[in-house]
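Here are the chains, one letter per residue:
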Amino acid sequence: QEQQHASLCTAAAVALGSTAEVAIPLDELQLSRTDDPSAELIAMVAGTYAVGEVTALGLIRHTLAVLPPSGFRDVLAHIASDEGLHARIGPALLGVLRTADWIDWPGDATVRALVAAQRASMADRDVIEPDEAALFDDPIAAGLLPRVGIPDSRGFLQAYHAALDEDVRAGLEPLGLFA
């Protein structure tokens, strides 16, 4: 599904004139490896799914709420239908892994620390480029950008931090794993 989402987003970007070239820092694509597969699995579930996917869903929901109808919005609605499941995987898996006899649970404090570290890392990201945010100071651009699937950057940034805090909390606090 993630590959399909990337293809859909690439097609939308190309429709807007993009060359479809993407540069992502290598360290954001790499998973750290250790000699402890249980720790790696739990770190991935906590960071990628319980924090990352939950935050992504919050952003997509925000974007769908503020965009007018368009083909670009339809692409996001399709992605949102998959992301709802992705966002539920992390908390559900952590709940199962905590009591599974086939994996070494590192303890709730360790998982809370993993969650806190992922949230801190994501909070420090430059989610909005300054030149993009400046476009919304121009009334003409601010009126046109939502029609091509780009929500106001200021609201997007607020939604990002709200999802990172509130949505992640809602998924993990019932398990006692929010930090």
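I will try to describe carefully the structure that is included in this document. Please read all numbers here as calculations on a predicted model, not as lab measurements.

Reading the values: the criteria
Residues numbered from 1 in each chain as written. Predicted model: local features only at pLDDT ≥ 70, side-chain atom pairs only at ≥ 80, totals over all residues. Heavy atoms only, no water. Patch = residues over 30% accessible without salt bridge, like charges linked within 9 Å, V, L, I, M, F, W, Y side chains within 5 Å. Areas by Shrake-Rupley, 256 points an atom, 1.4 Å probe, with all protein chains shown as cover. Salt bridge = Lys/Arg side-chain N within 4 Å of Asp/Glu carboxyl O. Lys, Arg positive; Asp, Glu negative; His and termini not counted. Charge placed at Lys NZ, Arg CZ, Asp CG, Glu CD. Helix = DSSP H or I, 4+ residues; strand = E, 2+ residues; numbered from the N terminus. Buried < 20%, exposed > 50% of the residue type's maximum accessible area, 1.4 Å probe, protein only. Contact = heavy atoms within 4.5 Å. Axes fitted to C-alpha atoms, helices over the stretch in contact; angles between N-to-C directions. Left-handed = near helix turned anticlockwise from the far one by under 90°. Nonpolar A, V, L, I, M, F, W, Y, C, P; charged D, E, K, R; others polar. Expected span 1.5 Å × (residues − 1). Arc of directions from axis to C-beta. Parallel < 35°, antiparallel > 145°, perpendicular 65-115°, else oblique. Core = buried A, V, L, I, M, F, W, Y, C linked by side-chain atoms within 4.5 Å.

Observations regarding a negative patch on the surface
Together, Asp124, Asp126, Glu129 and Asp131 make up a region of like negative charge exposed at the surface. Tracing the sequence through the fold places aspartate 126 in the loop between α5 (108-123) and α6 (130-135).

Re the environment of glycine 47
Tracing the backbone shows glycine 47 in helix α3 (residues 37-66). Since its relative accessible area comes to 8%, glycine 47 is described here as buried. Each C-alpha atom of the pair glycine 47 and glycine 95 lies 14 Å from the other, and the pair is 48 residues apart in sequence. The residues contacting glycine 47, other than those within four sequence positions of it, are Gly52 and Gln118.

Examining the packing of α3 against helix α4 (residues 71-99)
Between α3 and α4, whose axes approach to 8 Å, the crossing angle comes to 150 degrees. Of the two possible hands of crossing, α3 and α4 adopt the one that is left-handed. Broken down by class, the residue content of the contact of α3 with α4 amounts to 21 nonpolar, 4 polar and 3 charged.

Things to note about α5
Over its 16 residues, α5 extends 22 Å from the first C-alpha to the last, a length consistent with the 22 Å expected when each residue adds 1.5 Å. Turning to α5, its buried residues are Val111, Val115, Arg119 and Met122. Considered in projection along α5, the buried side chains sweep an arc of 75 degrees and stay on one side of the axis. Looking at the buried residues of α5, the elements they touch are α3, α4 and α8 (153-172).

Quick word on the packing of α3 against α5
Put simply, α3 and α5 touch, their axes get as near as 9 Å, and they point 45 degrees apart. The angle between α3 and α5 places the two elements in the oblique class. In terms of crossing hand, the pair formed by α3 and α5 is right-handed. Mapping the contact onto sequence places Ile42, Ala43, Ala46, Gly47, Val51, Gly52 and Thr55 in α3 and Val111, Leu114, Val115, Gln118, Arg119 and Met122 in α5. The class makeup of the residues in the contact of α3 with α5 is 8 nonpolar, 4 polar and 1 charged.

Quick notes on unusual backbone geometry
Leaving glycine aside, a negative phi is the common case for residues, and trans is the common case for peptide bonds. Backbone geometry places alanine 20, a non-glycine residue, at a positive phi of 70 degrees. Residue position: alanine 20 is located in the loop between α1 (2-15) and α2 (26-29). Of the residues examined, alanine 20 reaches a relative accessible area of 36% and is grouped as partly exposed.

Regarding the nonpolar core
Core analysis: the largest hydrophobic core is formed by 26 residues, its most contacted members being Ile42, Leu94, Trp105, Val111, Val168 and Leu172. When residues of this core are traced back to their parent elements, those giving at least two are α3, α4, α5 and α8. Residue contributions to this core peak at 8 residues, all from α3. With residues up to four places along the chain from it excluded, the contact list for valine 111 reads Ile42, Ala46, Leu94, Trp105, Pro106 and Leu177. Within the second largest apolar cluster, 6 residues are counted, among which are Leu67, Leu76, Ile79 and Ala80.

Re the environment of proline 37
Structurally, proline 37 can be placed in helix α3. Residues proline 37 and isoleucine 103 lie 66 residues apart in sequence; the distance between their C-alpha atoms is 8.9 Å.

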